[in-house]
Amino acid sequence: FVGAAVLGSLKRGAELSGEFHRTTALLAASLENVGRSQDIKKLQDFASELERVTGVSDETHRELISLALQLGFTGDRAVDATIASIGMANAMGSNANEAMKQLAKTQTGLLEETIRMVGPIRELTKEELKLGKAVDVAKENFESFVGATSAGEGTVSRGMTEMSNGLDNMLESFGRGLDELG
């Protein structure tokens, strides 16, 4: 029994380490594509902070930040778009990737069906949309929803999520350590 548990933990650590390396490489490549490789540490720290606030893994946030970069948001705008899309997704019951894609489309002056429901964004002119104002409006209106996940703050469910994330982070670190040895 103990041996199986140890092997299971080793396997999980290796899987988490692989996911860490995959999402870090994705973020690094996205940053390199926009000439911002120097921002890797800052954005990894941001993803880790989002994990703490939302209870969702930092790997998921690295993927979302990479998507923001791929869709044309650069520098601090990628951070703002990430915060806005997470908040929109939580407030509207959708997913952050779709919210990010809708925010990106606003930069062309287009409003998708779902984002039209956001009154303050709907009121922006085409010129304001092209200037990226939708991100500012969405961040301002939805930032308070960033930590509003299904596991609410201070609940047993949120505590279990945080404990699970902590264990996963420990196993991930262990897996990365094994990667370095072999």
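Check the entry above for the structure.
Summarised in this report is the structure supplied together with it. (Residues numbered from 1 in each chain as written. Predicted model: local features only at pLDDT ≥ 70, side-chain atom pairs only at ≥ 80, totals over all residues. Heavy atoms only, no water.)

Below, the discussion takes up the packing of aromatic side chains. Under the counting rule described, the total for this entry stands at one aromatic pair. Judged by centre distance (6.2 Å) and plane angle (50 degrees), the rings of Phe-142 and Phe-145 are tilted. With relative accessibility at 10%, the residue Phe-142 sits in the buried group. (Phe/Tyr/Trp six-rings, centres within 6.5 Å; stacked < 30°, edge-to-face > 60°. Buried < 20%, exposed > 50% of the residue type's maximum accessible area, 1.4 Å probe, protein only.)

Between helix 3 (residues 58-70) and helix 5 (residues 96-106), the least distance of the axes is 10 Å, while the angle of their chain directions is 15 degrees. Classified by the interaxial angle, the pair formed by helix 3 and helix 5 is roughly parallel. Considering only the axes of helix 3 and helix 5, their crossing is right-handed. For the pair helix 3 and helix 5, contact is made by Leu-64, Leu-67 and Ala-68 and by Ala-96, Asn-97, Met-100 and Lys-101, respectively. Taken together, the residues that form the contact of helix 3 with helix 5 break down as five nonpolar, one polar and one charged. (Axes fitted to C-alpha atoms, helices over the stretch in contact; angles between N-to-C directions. Helix = DSSP H or I, 4+ residues; strand = E, 2+ residues; numbered from the N terminus. Parallel < 35°, antiparallel > 145°, perpendicular 65-115°, else oblique. Left-handed = near helix turned anticlockwise from the far one by under 90°. Contact = heavy atoms within 4.5 Å. Nonpolar A, V, L, I, M, F, W, Y, C, P; charged D, E, K, R; others polar.)

Here helix 2 (residues 40-54) is 15 residues long and its end C-alpha atoms lie 21 Å apart, about the 21 Å a rise of 1.5 Å per residue gives. The set of residues buried in helix 2 consists of Leu-43, Gln-44, Phe-46, Ala-47, Leu-50, Glu-51 and Thr-54. All buried residues of helix 2 lie within an arc of 155 degrees about the axis, which places them on one face of the element. Facing away from the buried side of helix 2 by more than 90 degrees, the exposed set consists of Lys-41 and Arg-52. Just beyond helix 2, the residue with positive phi is Gly-55, at close to 80 degrees. (Expected span 1.5 Å × (residues − 1). Arc of directions from axis to C-beta.)

To continue, consider the layout of surface pockets. Here the largest pocket defines a volume of roughly 220 Å³. Along the wall of the largest pocket there are 15 residues; nearest its centre are Val-56, Thr-60, His-61, Ile-86 and Ala-96. Elements with a contribution of two residues or more to the lining of the largest pocket: helix 3, helix 4 (76-92) and helix 5. Here the element with the most residues in the lining of the largest pocket is helix 3; it accounts for four residues. Across the lining of the largest pocket, the residue classes tally to six nonpolar, eight polar and one charged. (1 Å grid on protein atoms, 1.4 Å probe; cavity = no way out; pocket = protein on both sides within 12 Å on 5 of 7 lines; lining within 4 Å. Points joined across faces, edges and corners; volume = space filled by probe spheres on them.)

What follows deals with the environment of Lys-126. Assignment of secondary structure puts Lys-126 in helix 8 (residues 126-130). Looking at Lys-126, the relative accessible area reads 48%, which means it is partly exposed. Expressed as a C-alpha distance, the spacing of Lys-126 and Gly-109, which sit 17 residues apart in the sequence, is 4.9 Å. Among all residues touching Lys-126, those that are not within four sequence positions of it are Thr-108 and Gly-109.

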